[in-house]
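So the chains spell out like this:
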Amino acid sequence: NEQGGFFESLFGSSNKKLGNNFVFKANEKKQIELEFENLTETGLRTIQLSLGNFTQNVFVYVLSAEEKSETEKIYFEQKFFNISMATNSGTERILYLKNSETKDLENVTLIISDNLKEYVSVSPDFFEFFEANETKKISLNISSKSNQEKISGVIKAKTSDDNFAYVNISLEIIEGFIPQN
């Protein structure tokens, strides 16, 4: 008889999706597709996981019904950045965007979600030509303010023919934080 994992103790003991319940065995990873009815705006939403007095909020990026899913024609080599930094400081990260198409793409725009705009800038934020099988290097310049806070959002790369990719950014600004080298 197998012992159940942490999430199994929280969400039940079957291996199926039951209404709003998802079951995980210890160290198990699953991709979960959530559907939101009548959603007209793309953006970050919070999903709350809870059982008894344990609660965990999880950020998810939700596409509106009108927006199609991310394509594999272009993609970010890293899907997630988790960045910790001190208040009143700055840092830089490098991001790579890959064109896996066999044809050139045009007019690629990088769009920063509203909640990240005052903290993150990208360079370049637009490129006119993106050759087949090319990888573009993108610099993320991140700066913090005097407040200690947590911010999550996305950067979206979109081509003129509506191919797109996302990278999730989680930024934690901590007073007195000293980065490890």
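Only a predicted model underlies this, so the values are computations on that prediction, with no experimental measurement involved.

Its place among the elements puts glutamate 118 in the loop between β6 (105-112) and β7 (120-123). In this structure the C-alpha to C-alpha distance between glutamate 118 and lysine 145, which are 27 residues apart in sequence, comes to 9.3 Å.

All right, on to the nonpolar core then. Grouped together as the largest cluster of nonpolar side chains are 28 residues, with contacts concentrated most on Phe76, Leu97, Leu140 and Ile155. When residues in this core are grouped by element, the largest group, five residues, is from strand β11 (residues 164-174). For isoleucine 155, the residues in contact, after removing those within four places along its chain, are Phe76, Leu110, Ile111, Ile112, Val120, Val122, Leu140, Ala165, Tyr166, Val167 and Ile169.

A few words now on the packing of aromatic side chains. Counted according to the given criterion, the structure contains two aromatic pairs. Aromatic side chains phenylalanine 127 and phenylalanine 130 sit 5.2 Å apart centroid to centroid with 80° between the ring planes, which places their arrangement in the edge-to-face category. Phenylalanine 130 sits in the buried class, given a relative accessible area of 0%. Above the plane of the ring of tyrosine 119 lies lysine 145, whose end atom (NZ or CZ) is 5.3 Å from the centre. Taking the ring centre of phenylalanine 164 as reference, the NZ or CZ of lysine 156 above it sits at 4.9 Å.

Moving on, we get to the confidence of the model for the protein. Here the protein averages 79 in pLDDT, while 67% of its residues score no lower than 70. Scored below 50 in pLDDT, residues 1-19 makes 29 contacts in the model with residues more than four places away or belonging to other chains.

Turning to a negative patch on the surface, a few remarks are in order. Judged by side-chain charge, Asp104, Glu106, Glu128 and Glu131 come together as a negatively charged surface patch. Note that glutamate 131 resides in the loop between β8 (126-130) and β9 (135-143). On the accessibility criterion, glutamate 131 (48% relative accessible area) is partly exposed.

It is worth spelling out the pattern of salt bridges at this point. Overall, the coordinates contain six salt bridges when judged by the stated rule. Between lysine 145 and glutamate 118 there is a salt bridge, and its shortest N-O distance comes to 3.7 Å. Taken together, the residues lysine 145 in the loop between β9 and β10 (149-158) and glutamate 118 in the loop between β6 and β7 connect sequence positions 27 residues apart. On the basis of relative accessible area, glutamate 118 is assigned to the partly exposed category, the value being 48%. As a salt-bridge pair, glutamate 134 and lysine 136 come within 3.4 Å of each other at their nearest N and O atoms. Residue lysine 136 is classed as buried on the basis of its relative accessible area of 19%.

Thresholds, definitions, all that
Residues numbered from 1 in each chain as written. Predicted model: local features only at pLDDT ≥ 70, side-chain atom pairs only at ≥ 80, totals over all residues. Heavy atoms only, no water. Helix = DSSP H or I, 4+ residues; strand = E, 2+ residues; numbered from the N terminus. Core = buried A, V, L, I, M, F, W, Y, C linked by side-chain atoms within 4.5 Å. Buried < 20%, exposed > 50% of the residue type's maximum accessible area, 1.4 Å probe, protein only. Contact = heavy atoms within 4.5 Å. Phe/Tyr/Trp six-rings, centres within 6.5 Å; stacked < 30°, edge-to-face > 60°. Lys NZ or Arg CZ within 6 Å of the ring centre and 35° of its normal. pLDDT = per-residue confidence, 0-100. Patch = residues over 30% accessible without salt bridge, like charges linked within 9 Å, V, L, I, M, F, W, Y side chains within 5 Å. Areas by Shrake-Rupley, 256 points an atom, 1.4 Å probe, with all protein chains shown as cover. Salt bridge = Lys/Arg side-chain N within 4 Å of Asp/Glu carboxyl O. Lys, Arg positive; Asp, Glu negative; His and termini not counted. Charge placed at Lys NZ, Arg CZ, Asp CG, Glu CD.

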